[in-house]
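Chains, contacts and geometry: an overview
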Amino acid sequence: MDPVFAFLALLTTAGAVAAVSLRNLVHCALCLVVAFAGLAALYLQLNAQFIGFAQILVYVGAVAILIVFAILLTRGSEPGNQPILSSSWQAGLGVAVLVLGALGVAVASSFVRYYPVSPAPQPTVRELGEQLMTNYVLPLEVIGLLLTAAMIGAVIIAMHEKQGPR
Amino acid sequence: MNLSLSILEFAVIGAGLAILLADLWTPVPQKRNLGYAAAAAVGLIFLASMLMQAAAPAYAFEKMYVLDGLALFFKRFFLFAAVIVLVMSVEFADRIEAGIAEYYALIMFALAGMMFAASANDFILVFVSLELITVTFYVLTSFQRGRLHSLEAGVKYLILGALASAFLVYGIALVFGVANTTNFGELMGSARVASARPVFLLGLLLVLVGLGFKIAAFPFQIWAPDVYQGSPAPTTAFLAVGSKAAGFILLLRVLFSAVPEITVNWTKLLMVIAGMTILYGNLCAIPQRNLKRLLGYSSIAHAGYMLLGVAAMNSAGSSAILYYLGAYLFTVLAAFTVICVVMRGVEGDDISAVAGLHQRSPLLAASLSLAMVSLAGIPPLAGFFGKFLLLKAVVEKGATQPGCYWLIAVAILGVVISLYYYLGVVRAIYWSKGSAELSDIKVSWPIQVSLYACIAAMFYLGLFPDRLVNIAMEAVKALKL
Amino acid sequence: MKLEIIPWIILFLPMLAAAGITLFTLKSRDQSARLSIGAIVLGFVLSVFFIAVNGWGPLKMESVASWLEVGPLQVDFGLRLDPLSLLMLLIVTGVGGAIHIYSYGYMHDDPGAPRYFAGLSLFTFSMLGIVLANNFLQMFIFWELVGLSSYLLIGFWFERPSAADASKKAFLTNRLGDFGFLLGILLIWDTFGALNFSAIQVELIRNPQALGALATVVGLLVFCGAMGKSAQFPLHVWLPDAMEGPTPVSALIHAATMVAAGVYMLCRVFFLLDASGSNALEVIAWIGGITALLAALIAVQQNDIKRILAYSTLSQLGYMVLAVGVASPTPAMYHLTTHAFFKALLFLGAGSVIHALHHEQDIWKMGALKNKMPVTFWTFLLATLALCGVPPLSGFFSKDEIIAAALNPEHGSVWLFLLTVGVALLTTFYMARLVLVAFFGSAKSHEAGHAHESPKVMTVPLLALALPSAAGGFLGIAHLYGKQLGQAHADYHVLAMAVSVGAVIFSFAFAWGLYWNAERDPLPEKIGALARAMRDRFYFDELYEATVIKLQEIAAAMADWFDQWIIAGLAVRGIHGTTELFGRALRLVQTGNLQTYAFLFVLSVALLLFFVL
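Just so it is clear, the model here is predicted, and its values are computed rather than measured. (Residues numbered from 1 in each chain as written. Chains lettered and ligands numbered in written order. Predicted model: local features only at pLDDT ≥ 70, side-chain atom pairs only at ≥ 80, totals over all residues.)

Quick notes on the overall build of chain C
Cut-off, in case you're wondering: Helix and strand assignments come from DSSP, with helices taken as H or I runs of at least 4 residues and strands as E runs of at least 2, each series counted from the N terminus. Burial in this document is a count-based property: other C-beta atoms within 10 Å of a residue's C-beta are tallied, and the residue is buried at 20 or more, exposed at 12 or fewer, or partly exposed in between, with C-beta positions derived from the backbone.
Across its full length, chain C holds 27 helices and two strands. With 613 residues in all, chain C has 57% of them scored as buried.

Now the structure itself:
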């Protein structure tokens with residue numbers, strides 16, 4: 001196994017685990033940034049440049065900052081007094097292992113025999129843009145509408161915070 | 001590329017944006033009446049859809065979008081449902097603190113999503129249209145900000161919906177990874193080859209999980225009662241009718257248009273799911289006292305009945321689903337319209353709120369009772385014939401699959417159980433005493449019109465089902481059955 | 001105007017009346033009654049007119065309007081006019097009309113009278129629909145409507161919990177049978193591709209093996225429907241409870257029409273039951289016989305006047321079903337017709353007594369009514385004699401034909417014959433007990449001492465029904481049915497007559513000895529446990545309570561538990577560990593709830609994957 005991959009995989013997983021297990025929410029958010037960055041590095045290592053940079057720009061840059069802001073604005077940074085793990089965490093772990101097992105078995109039995117897959121395309125940003133504006137213009141437009149709806153919803157629900165119930 | 005095919009969707013989106021704009025210049029007391037404008041606009045688009053023809057399937061956007069009889073059937077279905085829901089929303093307007101125009105607009109955006117879903121011929125479009133519906137509903141469910149129940153419903157729907165979407169998109173990715181295409185037409189060719197790889201089946205199953213969540217099929221039904229109970233009544237109505245039907249059209253398309261060769265191996269799975277859904281919905285509905293929660297469980301049961309048609313895997317079954325949805329549309333909308341009017345200022349939506357309704361408003365009482373009787377599947381109302389057709393489709397299937405007779409037994413057991421709680425509602429309306437509130441209820445004329453329309457349709461579909469059945473039979477010719 | 005339109009008018013008149021009452025005259029008792037009575041009386045007059053002009057019609061006359069075309073299936077909305085349906089038309093409008101008029105007096109003081117008349121008209125409409133239907137689907141739809149309207153009528157006094165429970169029981173039991181019926185119809189559709197009675201009959205004559213191995217199953221499924229409506233064992237439990245409804249309803253629904261629908265349907269589709277390779281008839285005969293015997297035994301120890309009549313009805317229905325089972329539909333229909341007359345008369349007479357005694361129904365609190373209520377007494381006595389089968393009253397002839405049919409060598413057997421004789425003995429016994437205790441002897445309560453004859457509007461229908469009850473044997477009814485369903489066997493009539501007259505005399509003497517001037521029932525002391533079992537209806541209700549209803553309760557409890565486990569259970573286990581009330585208010589914060597949902601969701605996904613892969 002490639003040592004770089006191993007390092008990145010460990011970093012990403014450790015960041016993700018820390019993000020859900022730390023008590024201080026700000027620390028959680030920062031760990032999430034680590035996980036996002038690790039993922040981006042993995043993409044770059046796989047030669048998927050566009051998606052790698054998009055990951056950095058969107059997730060590390062925007063989403064993480066948004067989360068930090070949301071934490072700061074809503075409840076401050078005082079740690080809650082609730083236990084991190086819910087009482088039924090063993091069951092949850094069991095189910096997670098089950099799903100992982102099913103996926104793992106299916107993936108393993110599907111690809112071992114077909115290992116040499118065709119070389120992945122290496123789309124440039126330009127090609128991606130062209131595809132989005134021609135073949136995939138309808139989904140793009142629908143996503144635009146989706147974002148509009150989501151924004152309206154966010155405004156409506158957030159407005160409530162300011163005015164309070166009348 | 002043929003833009004004119006999706007003219008209906010664009011008209012709906014345009015109308016929705018126009019409502020948002022008009023909101024800026026409308027004085028506050030007039031804002032609620034924008035709903036009538038919205039209903040009128042959607043009504044006009046509905047009438048326009050009647051002029052459209054789809055004899056042969058027509059494609060647009062690189063075959064991502066298809067307009068055939070099936071798509072057109074569902075577009076009309078969604079448009080009609082939206083008209084009634086919008087009228088209902090106007091009635092509901094004073095219970096929403098602010099943003100009523102946005103409420104109307106969001107309903108129309110969700111409608112556009114459903115209409116795109118009806119025409120989806122590609123997993124990408126399936127995903128984005130489904131997300132458009134779901135994200136809009138996250139907002140619509142939590143619209144009554146003052147009520148904890150409403151916010152709770154929104155949060156629950158959001159988190160479980162996100163979970164379901166994650167499975168869906170993961171499934172699509174796996175399917176694409178193996179078959180190298182997301183288009184239904186191309187998938188059909190490669191599905192046989194790809195089905196040798198378990199990961200392809202895995203992907204399809206995860207897609208089914210996502211769709212099963214939308215139609216609230218067992219075992220992905222858990223969210224439905226809580227969300228139905230907590231949401232504003234018009235949202236619940238649209239969720240029960242529109243969102244569920246969108247799930248069904250996508251289910252039909254994926255199973256019988258994209259991968260029919262694989263679907264045939266899943267008869268047993270679908271039969272088990274259908275049977276369990278029927279039993280779960282009906283059994284859990286028995287102890288319910290909350291009317292909306294009761295209808296939530298009942299909607300699970302009805303999803304189960306419609307899954308009978310999927311499990312039957314013949315054109316009789318699929319056309320029966322379409323008929324059933326048509327009957328279900330009018331019945332459920334009538335029920336929710338009444339709930340919306342009656343439950344004004346009543347916290348908890350308890351069944352006792354409709355006690356003595358026949359003295360307060362005979363029209364509301366009759367509408368709700370007829371809706372319950374139709375849901376219970378008693379002739380001559382529409383609900384009966386739907387169940388009749390579905391059972392018949394399963395009986396036909398029984399020749400090759402003896403397990404079908406068990407399924408029929410389960411379905412009939414479910415119907416018998418359901419009588420218990422549906423008649424409980426009817427009994428509360430006519431035969432209960434001790435209701436404190438006995439003042440007359442004023443019913444505005446648009447509500448009256450929509451109620452009369454629903455009642456007339458319930459009777460018409462029950463007495464003269466052949467027209468709709470024949471339309472449905474034509475429509476399902478688009479599927480590979 | 002074509003003559004054909006008259007049956008359509010007859011059919012839809014009551015529906016118009018029901019709609020008119022619901023929409024316009026709910027406030028006025030008199031107008032509602034007039035509408036309802038007018039519709040059915042006009043229907044009766046038109047029926048008589050139609051038959052007078054048209055005769056009893058060709059054997060198969062259908063008046064159809066195309067109703068639906070679903071794929072290959074065409075269903076017409078049609079009326080079938082043949083002797084069978086025309087006679088039933090007369091019974092429903094005639095007997096029904098008398099009961100409508102009687103109701104006007106009986107329900108005089110009830111504030112809910114308009115609702116009552118609306119229900120009555122709706123019921124009449126549905127019943128006429130069953131009678132005139134020319135295909136299975138149409139019949140089934142009206143079949144369900146009859147169930148629905150009887151639900152409304154039985155539960156008319158909904159403020160009594162017993163009435164509300166009874167109506168629910170009746171409806172659910174009926175639906176249980178109906179689903180068998182529906183399955184039968186689906187199978188028939190699947191086999192023949194048609195639902196029209198005559199089309200199926202033609203097809204069956206052309207190809208007698210059309211049903212193949214399914215013949216018995218189809219026959220029994222169709223019989224399921226009749227079992228529900230005609231209250232045959234083991235679905236008989238609803239009928240006695242249904243006596244909670246107003247007495248005229250009992251007379252209309254539970255004596256003359258609705259319960260007869262099952263038998264009528266069996267005769268209508270007799271060609272299916274009799275199809276080659278079918279053993280359904282044998283089962284039908286025995287179920288009818290068991291019902292007849294069981295119900296007669298129970299009737300012996302009942303004290304409520306209406307319950308005695310209810311069990312007597314059950315027993316007589318068992319007779320008719322038995323007759324169908326021994327391949328003799330003509331005697332079945334004949335007995336149905338005469339029974340409709342005299343049983344309606346008995347119920348109306350009972351209603352008159354109950355009315356006079358201010359809703360006292362216990363026969364041991366009556367007595368000495370003979371002279372105080374002469375019209376009621378004499379008509380009641382006449383009907384009793386007809387029911388027991390005293391010649392030359394109507395019941396004698398029809399019952400005699402059934403007893404004779406039970407002996408016919410092809411389908412009958414000695415055992416069935418002995419069963420019918422036993423039931424005949426019991427019938428005379430319990431009816432004699434009823435009459436002797438209620439009308440003779442001394443007044444056993446204050447009300448009975450001060451009873452008065454009922455008003456004219458109630459006694460006139462009694463007299464009107466007394467006429468056919470007495471003379472029903474001489475109207476050529478059996479001949480008319482015979483034209484269509486085949487004449488009854490001519491053998492064994494003398495034997496049957498001798499046996500049934502002997503049974504009447506013997507039983508009556510026995511009852512006289514026991515009950516003449518009796519102050520209380522001497523029978524329990526003599527036969528002990530058996531009498532208790534009879535009084536308690538052989539514990540069928542308890543048995544069902546313990547099984548069917550318990551099962552439903554268990555299912556509901558399980559569902560409840562499941563719900564509670566998710567909602568309340570987790571609220572308790574949640575962070576704050578508060579009471580449920582507080583927990584409900586804080587459900588939003590208590591994410592345990594939502595976590596469980598997500599947990600179950602993912603668990604389901606995992607199970608699904610393992611199930612398929």
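Structure shown, so let's carry the discussion forward.
Focus on the overall build of chain B
Our working definition: Each radius of gyration reported is based on C-alpha atoms, and the globular scaling rule is 2.2 Å times the count of residues to the power 0.38. Once C-beta atoms have been placed from the backbone, residue pairs whose C-beta atoms lie within 7 Å are recorded as contacts.
Each helix and strand in chain B was counted, giving 20 helices and two strands. Since a compact globule built from 481 residues should have a radius of gyration of about 23 Å, the 21 Å found for chain B is in line with a globular shape. Viewed in the frame of its principal axes, chain B has a C-alpha envelope of about 65 × 55 × 40 Å. Look at the contacts in chain B between residues 6 or more apart in sequence, and 79% of them connect residues 24 or more apart.

Quick word on the interface of chain B and chain C
To be explicit about the condition: For this classification, Asp, Glu, Lys and Arg are treated as charged, while Ala, Val, Leu, Ile, Met, Phe, Trp, Tyr, Cys and Pro are nonpolar and the rest, including Gly, are polar.
The interface is formed by 40 residues belonging to chain B together with 40 residues belonging to chain C. At the level of secondary structure, the elements contributing two or more residues to the side of chain B that touches chain C comprise helix H6 (148–179), helix H8 (198–215), helix H12 (267–285), helix H17 (382–398), helix H18 (403–431) and helix H20 (466–475) of chain B. Among the elements that make up the side of chain B that touches chain C, the one with the highest residue count is H6 of chain B (nine residues). When the residues that make up the side of chain B that touches chain C are grouped by side-chain class, the tally is 34 nonpolar, no polar and six charged.

Regarding helix H18 (residues 414–439) of chain C
Residues and elements named next belong to chain C. Inclusion rule: How far a helix is expected to stretch is found by multiplying one less than its residue total by 1.5 Å.
Over its 26 residues, H18 runs 37 Å from end to end, which matches the ideal 38 Å to within 8%, given 1.5 Å per residue. Most of H18 is tucked away, with 20 of its 26 residues classed as buried. Directly after H18, the chain includes glycine 441, whose backbone phi takes a positive value near 70°.

Some remarks on helix H2 (residues 34–51) of chain B
Residues and elements named next belong to chain B. The following threshold applies: Arc, as used here, means the arc of the directions from the helix axis to the C-beta atoms.
Its 18 residues give H2 an end-to-end C-alpha distance of 26 Å, which sits within 8% of 26 Å, the value for a rise of 1.5 Å per residue. Every buried residue belonging to H2 is among Leu34, Gly35, Ala38, Ala39, Ala41, Val42 and Ile45, and all of these are buried. The buried residues of H2 occupy an angular sector of 160° when projected down its axis, which confines them to one face. For H2, exposure combined with an orientation more than 90 degrees from the buried face picks out Leu47, Met50 and Leu51. Considering only its buried residues, H2 is in contact with helix H1 (7–25), helix H3 (69–92) and helix H4 (100–119).

Side note on the environment of alanine 472 of chain B
All names here are of chain B. Looking at the secondary structure, you find alanine 472 in helix H20. The spatial distance from the C-alpha of alanine 472 to the C-alpha of isoleucine 100 is 36 Å, given a sequence separation of 372 residues. The contact partners of alanine 472, leaving out residues within four places of it in the chain, are Ser319, Leu322 and Tyr323.

A short note on the packing of helix H14 (residues 315–342) of chain B against H20 of chain B
Residue and element names in this part refer to chain B. What counts here: Lines fitted to C-alpha atoms define the axes here, with helix axes fitted over just the stretch in contact, and angles between the N-to-C directions of these axes take values from 0 to 180 degrees. Roughly parallel covers angles under 35 degrees, roughly antiparallel covers those over 145, roughly perpendicular covers 65 to 115, and oblique covers all other angles. We call a crossing left-handed when the near helix sits turned anticlockwise from the far one by less than a right angle, and right-handed when that turn is clockwise.
Running from N to C, H14 and H20 cross one another at 130°; their axes reach a closest spacing of 8 Å. Compared by their axis directions, H14 and H20 come out oblique. Regarding H14 and H20, the two cross each other, and that crossing is right-handed. Residue-level inspection shows Ser315, Ser319, Leu322, Tyr323 and Gly326 of H14 in contact with H20, the latter providing Leu468, Val469, Ala472, Met473 and Ala475.

Let's talk about the packing of helix H10 (residues 247–256) of chain C against helix H15 (residues 329–356) of chain C
Residues and elements named next belong to chain C. Running from N to C, H10 and H15 point in directions that differ by 160°, and their axes come no closer than 9 Å. In terms of their interaxial angle, H10 and H15 are classed as roughly antiparallel. As for how H10 packs across H15, the hand of that crossing is right-handed. Seen from H10, the contacting residues are Thr247, Pro248, Ser250, Ala251, Ala255 and Ala256; seen from H15, they are Ala340, Lys343, Ala344, Phe347, Leu348, Ala350, Gly351 and Ile354. Among the residues making up the contact of H10 with H15, the classes are represented as ten nonpolar, three polar and one charged.

Side note on the environment of alanine 246 of chain B
All names here are of chain B. Relative to the elements of secondary structure, alanine 246 occurs in helix H10 (residues 233–258). Separated by 171 residues in the primary sequence, alanine 246 and lysine 75 place their C-alpha atoms 9.7 Å from one another. Excluding residues that lie within four positions of it along the chain, alanine 246 makes contacts with Met114, Ala117, Ile133 and Lys214.

Description of the confidence of the model for chain B
Atomic detail in the predicted coordinates should be set aside for any region of low pLDDT. Selection criterion: One confidence number per residue, pLDDT, is output by the predictor and ranges from 0 to 100.
On average, residues of chain B score 87 in pLDDT, and 97% of them reach the 70 mark or higher. When mean pLDDT is compared element by element in chain B, H4 of chain B scores highest at 93, while helix H15 (residues 357–360) of chain B scores lowest at 76.

A look at the nonpolar core
Rules: Joining buried Ala, Val, Leu, Ile, Met, Phe, Trp, Tyr and Cys residues through C-beta atoms within 7 Å gives a set, and that set is a nonpolar core.
Within the largest apolar cluster, 458 residues are counted, with the highest numbers of intra-cluster contacts made by Val42, Ile107 and Met108 of chain B together with Val263 and Ala344 of chain C. By residue number, the principal contributor to this core is H14 of chain B, which donates 21 residues. Those residues in contact with methionine 108 of chain B that sit more than four places away from it in its chain are Val12, Ala15, Gly16, Ile19, Ala38, Val42 and Ala82 of chain B. Counting residues in hydrophobic clusters, the runner-up holds seven residues, among them Leu25, Ala35, Phe36 and Leu39 of chain A.

As for unusual backbone geometry
Residue and element names in this part refer to chain B. Residue proline 219 is bonded to the preceding phenylalanine 218 through a cis peptide linkage, with omega at 0°. Here proline 219 lies in the loop between H8 and helix H9 (223–230). Phi is positive for phenylalanine 61, which is not a glycine, with a value near 50°. Along the chain, the position of phenylalanine 61 falls in the loop between strand E1 (58–60) and strand E2 (65–67). Residue phenylalanine 61 is classed as buried on the basis of its 24 C-beta neighbours within 10 Å. Phi is positive for asparagine 180, close to 65°, though the residue is something other than glycine. Mapped onto the elements of the fold, asparagine 180 is located in the loop between H6 and helix H7 (184–194).

Section: the confidence of the model for chain C
Residues and elements named next belong to chain C. Scored by pLDDT, chain C has a mean of 77; 82% of the residues are at 70 or more. Segment residues 566–592: pLDDT under 50, and 32 contacts once partners within four positions in sequence are set aside and those in other chains are kept. Here the predicted complex scores 0.74 on pTM and 0.87 on ipTM.

A few points about the environment of valine 199 of chain B
Relative to the elements of secondary structure, valine 199 of chain B occurs in helix H8. Judged by C-beta crowding, with 21 C-beta atoms within 10 Å, valine 199 of chain B ranks as buried. Taking the C-alpha atoms as reference, valine 199 of chain B lies 19 Å from aspartate 122 of chain B; in sequence the two are 77 residues apart. The residues touching valine 199 of chain B, leaving out its near neighbours within four places in the chain, are Ala106, Val107 and Ser110 of chain A together with Leu174 and Val178 of chain B.

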